[in-house]
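# A look at the structure
This is what each chain is made of:
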Amino acid sequence: MVKLRDVCHEIRSKNAGPFWVTFDIFFDGPASFTRYHTDPALSADSFARLYGADASMVKRIPVDDLSMIKISYPRTFPQGGMVERDMHSGQQYVPLLDVELAD
Amino acid sequence: MTEQPPAADAFAGPIKVLVPCGSLGAGVRESEIAYGIAEGAHVIASDAGSTDSGAAYLALGKSKNSRGAVKRDLEILMRAQAEHGIPIIIGTSGQAGGDLNLQWTREIVEEVAAELGTAPKIALIHCEQDKATIKRLNAAGRIQPLPPLGPLEDEVIDQCEHIVAALGVEHFIAALDGGADIILGGRSTDTAVLACYPIWKGAPWGPAWHAGKTGECGVQCSVNPTLGSGVMLTVKADGFEVAPLSDDNRCSVHSVSAHMLYENTDPFRLAEPGGVLDVTRARYTQLDERTVSVSGSGWEPGPYSMKLEGASAGQYQTMMLVGIRNPEVLSDIENFHDKLLAALYERTRKSFPAEALGEFHISLRMYGWNGIDGKPVPPDRPPPPEIGMVFVATADTQELANAIAHACNPYFFHYPNVMNKEIPSYGFMLSPADVPCGQFFEFRLNHIVALDDPFELVRIEYVDLASGSAAAQKEAVHG
């Protein structure tokens, strides 16, 4: 098994408006992109488990030219509410670093 | 104003849009403005805010950037405007684009004009909505939710402090038609602010909108966003070019194409007022060392719609912070958190009659442990050397949130992990220990309103400083 962080040169998260979180997962090249971007560990179901997201709402868009995949899900509570802990969702990517991919 | 994109062969272009910064007040550089003017800029365009930093700025009508910073940037831009006779277009004025935000920006512009001795004609594009209008449109079935929100309830409309509809290119074009030297837009799509001038000059809509999206954050689409502040967009008949305004920086195919990912869930198709920008077939080419050329950007015209934003104010919060290095706490953080939180709730309920307390909430956030997500930490994780523990009380008034913090203060400060041991003292950073935070704010609308006329929800006000009394020059224009 390899970890996602081992086959990517950048993994980042950001708010996409007040209601969505978006992840940009840049693989370290076309070979890794082709091999791993459809891995079940990066599926909508996996995001549902990792982030409490509604799997049916998870959007996945591969960008071949950039060897990256964009994955987004609606925040479980809107930005800036009573229990906000990450206004820009900038630290939400961290649990992805150790996600294991089939080798 | 909803005509189809004109034929590209009617376009005399190229049109050069000087984007001085990612957001007005972020720090415009005089050298970059001089460079952009020398390169032949036709217009200066920038947004002045976004929803990124939360709903407070719309709810309160305040800017995140300081008045001094916005004034400094406007001084540089307005001097260039006056000397070279090119317009300035600002979108999402005052951070959130409500009427209060717009008025705040207008006053700075008028102050700068007086100091510079200039007399520009200013267009103020108002897009703040009254609740009755939104309720009427909602009742008529013209407001649809965007995921993840559901249908709009009138109760939600009533809860909003301010509601705005995001402007498209049509509104800025009307202000350009009106002869404005400086256009201050209310809430606008970032893209429309930069796309409007080339479209006004007849540019094809696909390249104009895509250029606008690319330049929305200024130098962010370059290889090194720390070098410089702005970019130049050159919109042509068959595409557009983008280059940074600082000659020690460059744009690359990767930096430009990757910017389409920023703050979007779909990097290929972006819904805008009146259509969709489609960059699925866009091709990026390195034109020279610093410049990227983009072709193949498409625009699909559609029914006219505007996106609504509404911000509500919630309850009031008060916080306290302590640092903890106590090894007994650090070896048992989860249990300590749970016991202390229960004790704080109990203490609060004993300190106030239930009817005085109303709905209240207390949270403890263990920074250094799970402060960001609050979720259980894997059991094999070693304890940190210290944690910062934040207490947040939420209640109906600031006085009550403060009072809850005061009542909880001794427990928060002294609560031991093992009962009956000597009372510890955790490390308070501040005295007074409690910090009133004011209200929290939330966006409540993520909806689209369908419109037959792009100007149904928009009002343009002109202030011509050349004609003396500004107040006498108010004039409403309908597109």
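Note: the structure precedes this text.
Figured I'd write up the structure that's included with this text. Not measured: the values here are computed from a predicted model.

Counting secondary structure elements, chain A contains 3 helices and 6 strands. Starting at the N terminus and ending at the C terminus, chain A contains elements arranged as β-β-β-α-α-β-β-α-β. Scaling as 2.2 N^0.38, a compact globule of 103 residues should have a C-alpha radius of gyration of about 13 Å, and chain A matches this with 13 Å. Here the C-alpha coordinates of chain A stretch approximately 45 × 20 × 20 Å along the principal axes. Taking all 103 residues of chain A together, 56% fall into the buried category. Within chain A, contacts between residues at least 6 apart in sequence are counted, and of these 61% link residues at least 24 apart.

Here the focus is the nonpolar core. Residues and elements named next belong to chain B. Among the nonpolar cores identified, the biggest contains 80 residues, and Ile-89, Val-169, Ile-183, Trp-209 and Val-242 are the most heavily contacted of them. When neighbours within four sequence positions are excluded, Ile-183 is seen to be in contact with Ile-88, Ile-89, Ile-90, Ala-123, Ile-125, Phe-172, Ala-175 and Leu-176. Phe-336, Ala-343, Ile-362 and Met-366 belong to the second largest nonpolar core, which has 34 residues in total.

Residues and elements named next belong to chain A. Position of Ser-46 relative to the elements: it lies in helix 2 (residues 44–51). Polar side-chain contacts of Ser-46 include one of 3.3 Å to the backbone oxygen of Ala-41. In contact with Ser-46, other than residues within four places in its own chain, are Pro-40 and Ala-41.

All told, the structure shown has 16 aromatic pairs over all chains when counted by the stated rule. A ring pair is formed by B:Phe336 and B:Tyr426, whose centres lie 6.0 Å apart and whose planes are at 85 degrees; its orientation type is edge-to-face. Taken together, the residues span a long stretch of sequence, with B:Phe336 in helix 12 (residues 333–351) and B:Tyr426 in the loop between helix 14 (398–414) and strand 19 (427–428) at a distance of 90 residues. Each member of the pair, B:Phe336 as well as B:Tyr426, carries the same accessibility label: buried. By way of ring pairs, the aromatic residues A:Phe23, A:Phe47, A:Tyr51 and A:Tyr73 are connected into one cluster. The positively charged end of A:Lys59 is found above the aromatic ring belonging to A:Trp20, 4.9 Å away from the centroid. The lysine or arginine in question, B:Lys121, covers the ring of B:Tyr462, its NZ or CZ lying 4.9 Å from the ring centre.

This next bit is on the interface of chain B and chain A. The parts lose accessible area when they come together, and the size of an interface is often stated as this lost area. Each side of the interface is counted separately: chain B has 39 residues, and chain A has 37 residues. Both sides together, the interface formed by chain B and chain A hides about 2,900 Å², and carbon and sulfur atoms give 60% of it. On the chain B side of the interface with chain A, the three residues burying the most area are B:Leu261, B:Thr265 and B:Ile372, jointly 22% of the side's total. Inspection of the region where chain B meets chain A yields 2 salt bridges. Between B:Asp52 and A:Lys14 there is a salt bridge; the shortest N-O distance is 2.8 Å.

With that out of the way, let us pick up the sheet that holds strand 12 (residues 275–278) of chain B. Residue and element names in this part refer to chain B. With antiparallel pairing, the 3 strands of this open sheet are ordered in space as 11-12-15. In this open sheet, the two strands that pair with only one neighbour each are strand 11 (269–272) and strand 15 (298–301). When the angles between neighbouring strand axes are averaged without regard to direction, this sheet yields 20 degrees. Bridging between strand 12 and strand 15 involves 4 bridges; their strand directions are antiparallel. What sits directly across from Val-276, in strand 15, is Glu-300.

Definitions and cut-offs
Residues numbered from 1 in each chain as written. Chains lettered and ligands numbered in written order. Predicted model: local features only at pLDDT ≥ 70, side-chain atom pairs only at ≥ 80, totals over all residues. Heavy atoms only, no water. Helix = DSSP H or I, 4+ residues; strand = E, 2+ residues; numbered from the N terminus. Rg over C-alpha atoms; globule rule 2.2 N^0.38 Å. Buried < 20%, exposed > 50% of the residue type's maximum accessible area, 1.4 Å probe, protein only. Contact = heavy atoms within 4.5 Å. Core = buried A, V, L, I, M, F, W, Y, C linked by side-chain atoms within 4.5 Å. Polar contact = N/O pair within 3.5 Å; in protein donor to acceptor, adjacent residues only side chain to side chain. Phe/Tyr/Trp six-rings, centres within 6.5 Å; stacked < 30°, edge-to-face > 60°. Lys NZ or Arg CZ within 6 Å of the ring centre and 35° of its normal. Buried area = accessible area lost by both parts, 1.4 Å probe. Salt bridge = Lys/Arg side-chain N within 4 Å of Asp/Glu carboxyl O. Pairing = 2+ DSSP bridges. Axes fitted to C-alpha atoms, helices over the stretch in contact; angles between N-to-C directions.

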